[in-house]
Amino acid sequence: MRVQQIAVFLENKSGRLAEITATLAANDINIRALSVADTADFGILRLIVNDVEKAKMVLKSNGFTVGITNVIAVEVDDRSGGLASVLKSIEKAHLNVEYMYAFVNKTGENAVLIFRFDEMDKAIAALLKDGFTLLSGEQVCAL
Amino acid sequence: MTTLYWEEEIETLPRVGLESVQLTRLKHLVARVYATVAPYRAKMDAAGVKPADIKTLADLQKLPFTVKDDLRDNYPFGLFTVPMDQVVRVHASSGTTGKPTVVGYTKKDIETWSGVMARALTCAGATSRDMIHNAYGYGLFTGGLGAHYGVERLGATVIPVSGGNTKRQITIMQDFRSSVLLSTPSYALNLADAMAELGVDCKALALRVGIFGAEPWSENMRNEVERKLNIRAVDIYGLSEVMGPGVAMQCLETDRGMHIFEDHFLPEIIDPDTGEVLPPGEKGELVFTTLTKEAFPLIRYRTKDISRLIHEPCACGRTMVRMEKVTGRTDDMLIIRGVNVFPSQVEHVLMGTEGVEPHYQIVVNREGNLDTMAVRVEVSEALFSDEVKTLEKLTRKIQGDIKDMLGVTCKVQLVEPRTIQRSEGKAQRVIDNRKM
């Protein structure tokens, strides 16, 4: 029920994002979703890709600091209130969202929400209890 | 204007008389140190020199040097020559690693220090009628209290305002009619800029002269301070190991060099590589022997400051030799906002932080009039997190540890791995972009 996400440290200088995406493209790695967290001094790029191990290897060998973390992918209908219903479930369980991002799948019917919680197990239990659909890594990449 | 002296007789003593005073004091010092301090005795025995071998001032060269590491090895009080019940005060400055360098003073040492500081103030034209604004930091740093006691000895009024709170300082200058300013030169520029912003006309102040030290500053900076504050800016030199402020002081008659109060502090200029004493007037490392200090005397202490001695007589009538403004260091010590910083101290903090690799760089800039220090740290996999708060917590922790250890606020910049230059020999740990 967990999805592996790649996080890459970004120094605050121009061109770094372009270099990362070019490195991934050159190695046939497909990005399914991404988000950038930026502060005044540095950034963190978070990616869901079709081949996590390979992505980690090629980025590391190109000098990037890379980490793999587990996140949760929740599938919701692409309609108003979709995200709100998930967050309500989270709030009810007294959980904190560390960060989240979202993308809409190709058919445009469903949206996928990527979440990172401080307490991942509790979050999975709460979401399943409320009937949400959690996707595996393969499922996310197959979308 | 007739020159005023604090102790005219000694300050204008012909060289031969001064040298006789120095020799008497040197013999006494060496005998006392040899008898009371084991580490000094051991070093002198190793060098095969006994107190009786000191017959002339030139014999000083037979004595071994004292270096900062000797101070560290005998931390905190190992080099004190008197029992602790005679020590009335301690001060401390940055050591090269975790531990500070500690110095001690007897009651008489404090009197000597206030005396040379009163001389220094007099060199700048200060008298008992002055209102002296002391913006040097009070505390373990010798600047604040050293100057303070000198002002009281002079009989002037001291305003112990210490550093910071610039607006309040300006109000005090206006309302108390401060006539002499003591601060770091960069803080003086800071004050000037703040006055301009507040619309305070410095010509309406009573300020006449500024005594600046504790950090390197250029002639350009002197001109800028003089112009912006409409004062005369003079230079003071001192270091805590030797005494504190008041080791040497510029007089109003010259812009070239500071008179070393040689009846207390005997200077030499050596070649930093060979340790040989250099011919008069040559540039080299400044070495001091304290002739009168009781609690913490130093024999041939290597300051690592680069200077030269000026032997030509000065128009002010003082016979004491002058030292040129310090132009550099023989080591990698940095002075950030008046605080001594060794890269090794920063390294010490980083190595104590889990996951931090020994690749770092210190970048020093002068923004406006303020020195800023940034420490660039490579983000290893062990440090990295996908969460911003974890990385920010890490930078805050390092900043806090550096502040605790060095007393300097810095900014920690996380950089990508292998972006800090590696070199086989000496890594370039410091990038100093300040124009001195």
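Residues numbered from 1 in each chain as written. Chains lettered and ligands numbered in written order. Predicted model: local features only at pLDDT ≥ 70, side-chain atom pairs only at ≥ 80, totals over all residues. Heavy atoms only, no water.

K.L.:
Honestly, the interface of chain A and chain B in this entry has me stumped. Any pointers?
P.N.:
Accessible area lost during the coming together of the parts is what is often quoted as the interface size. At the interface, 25 residues of chain A touch 19 residues of chain B. Summing both partners gives a buried area of about 1800 Å² for chain A against chain B, and 53% of it is carried by carbon and sulfur. Taken as a group, F9(A), E11(A) and T65(A) account for 32% of the area that chain A buries against chain B, more than any other trio of residues on that side. Along the contact surface separating chain A from chain B lie six salt bridges. (Contact = heavy atoms within 4.5 Å. Buried area = accessible area lost by both parts, 1.4 Å probe. Salt bridge = Lys/Arg side-chain N within 4 Å of Asp/Glu carboxyl O.)

K.L.:
Explain the sheet that holds strand β3 (residues 131-134) of chain B here, please?
P.N.:
Two orientations exist for strands paired in a sheet by backbone hydrogen bonds: parallel and antiparallel. Residues and elements named next belong to chain B. Across the sheet, which stays open at both edges, the nine strands sit in the order β4-β3-β5-β6-β7-β8-β9-β14-β13 with mixed pairing between neighbours. Each edge of the open sheet carries a strand with a single partner, namely β4 (157-159) and β13 (309-310). Those strands touched by helix α7 (residues 166-176) are β3, β4 and β5 (180-183), and its axis lies near 175 degrees from that of β3. The sheet strands contacting helix α8 (residues 185-198) are β5 and β6 (209-212), and the helix crosses β5 at an angle near 125 degrees. (Pairing = 2+ DSSP bridges. Helix = DSSP H or I, 4+ residues; strand = E, 2+ residues; numbered from the N terminus. Axes fitted to C-alpha atoms, helices over the stretch in contact; angles between N-to-C directions.)

K.L.:
For this particular structure, what's the right way to read the domain arrangement of chain A?
P.N.:
Residue and element names in this part refer to chain A. According to the domain assignment, chain A contains domain 1 (3-69) and domain 2 (70-142). On a C-alpha basis, the centres of domain 1 and domain 2 stand 22 Å from each other. Opposite the 13 residues of domain 1 that make contact, domain 2 presents 14 residues. Carbon and sulfur atoms make up 61% of the surface buried where domain 1 meets domain 2, a total of about 1200 Å² over both sides. (Domains from an automatic or database assignment.)

K.L.:
Honestly, unusual backbone geometry in this entry has me stumped. Any pointers?
P.N.:
Leaving glycine out, the prevailing phi sign among residues is negative, and the prevailing peptide bond configuration is trans. All names here are of chain B. Residue Y75 is joined to P76 through a cis peptide bond whose omega torsion reads -10 degrees. Its place among the elements puts P76 in the loop between α4 (68-73) and β1 (87-93). Not every positive phi belongs to a glycine, and N165 is a case in point at roughly 50 degrees. With respect to the helices, strands and loops of the structure, N165 is situated in the loop between β4 and α7.

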